[in-house]
Amino acid sequence: MTRAAVPGLPSRYPIGALLPAMYADDDFAQRFTAGLDTVLAPVLSTLDNLPAYFDPALTPPDFLPWLSSWVDAGIDPAWPEDRRRAAVARAVELHRRRGTRRGLTDHLRLCFGVEAEIQDGGGVTWSSEPDSALPPAPTGELLVRVRSDRPLDETRVLAVVRASCPAHLTCRVEILPGTPADDTGSPT
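My aim in this report is to walk through the structure given alongside it, one point at a time. (Residues numbered from 1 in each chain as written. Predicted model: local features only at pLDDT ≥ 70, side-chain atom pairs only at ≥ 80, totals over all residues. Heavy atoms only, no water.)

1. A short note on the side chain of arginine 97
Step number 1: Residue position: arginine 97 is located in the loop between helix H4 (81–96) and helix H5 (101–112).
Step number 2: There is a polar contact of 2.5 Å between the side chain of arginine 97 and the side chain of glutamate 93.
Step number 3: Excluding residues within four positions of it along the chain, arginine 97 makes contact with Arg90, Arg102, Gly103 and Asp106. (Helix = DSSP H or I, 4+ residues; strand = E, 2+ residues; numbered from the N terminus. Polar contact = N/O pair within 3.5 Å; in protein donor to acceptor, adjacent residues only side chain to side chain. Contact = heavy atoms within 4.5 Å.)

Shown next as structure tokens:
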């Protein structure tokens, strides 16, 4: 999409009307400023609608990648437009939870429309009881199991997981057929 030289777009602020009175009846001055109006009309229209360019729901589709770069949404051009808009709109929220189970689960749901079961091998646990048992030795691996009834590109899923995985863990993804039986077993 282009926002330059839109044929027939009228200027909301015609320059000819702003000229001193002595040029109001001057044919050359009016034609000259009308040419400038034609060039400036798309620019002024863009500026008049500038807030819409910063709203992921309203911005033109060709502007989404640029808007995405502002919030590091990491949108994939192959995604449908509504998913790209949602990723840009939720980017800040997802960055707040980056590196957590809930953040990774939400990110995978947004990117691929799937639920994930995440097993953290980092060896971290907590207890409300004093002197509780220590966690098992860490495996050092983050295992993400994704169930999907449609084919998924494992390398793309792994790329999303690696981007959210803590640096001290390795990542592994398993894509299993079918849909999850229930969402209660999925950690949040």
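Picking up after the structure, the text goes on.
2. Comments concerning the packing of aromatic side chains
Step number 1: Scanning the model with the defined rule gives five aromatic pairs in all.
Step number 2: Ring geometry for tyrosine 53 versus phenylalanine 63: centroids 5.0 Å apart, planes at 75°, classification edge-to-face. One end of the pair, tyrosine 53, is in helix H2 (residues 50–53); the other, phenylalanine 63, is in the loop between H2 and helix H3 (64–71), and ten residues separate them in sequence.
Step number 3: With centroids separated by 5.3 Å and ring planes inclined at 25°, the aromatic side chains of phenylalanine 54 and tryptophan 70 adopt a geometry described as stacked. Of this pair, phenylalanine 54 sits in the loop between H2 and H3 while tryptophan 70 sits in helix H3, placing them 16 residues apart in sequence.
Step number 4: For tryptophan 70, a relative accessible area of 52% corresponds to the exposed category.
Step number 5: Three or more aromatic residues joined by ring pairs form one cluster here, namely Tyr53, Phe54, Phe63, Trp66 and Trp70. (Phe/Tyr/Trp six-rings, centres within 6.5 Å; stacked < 30°, edge-to-face > 60°. Buried < 20%, exposed > 50% of the residue type's maximum accessible area, 1.4 Å probe, protein only.)

3. What about unusual backbone geometry?
Step number 1: Unlike most non-glycine residues, aspartate 72 shows phi in positive territory, near 50°.
Step number 2: Overall, the relative accessible area of 53% leaves aspartate 72 in the exposed class.
Step number 3: One non-glycine residue with positive phi stands out, namely aspartate 131, at about 55°.
Step number 4: Among the secondary structure elements, aspartate 131 is positioned in the loop between strand S1 (115–120) and strand S2 (141–148).
Step number 5: Using a relative accessible area of 83% as the deciding quantity, one classes aspartate 131 as exposed.

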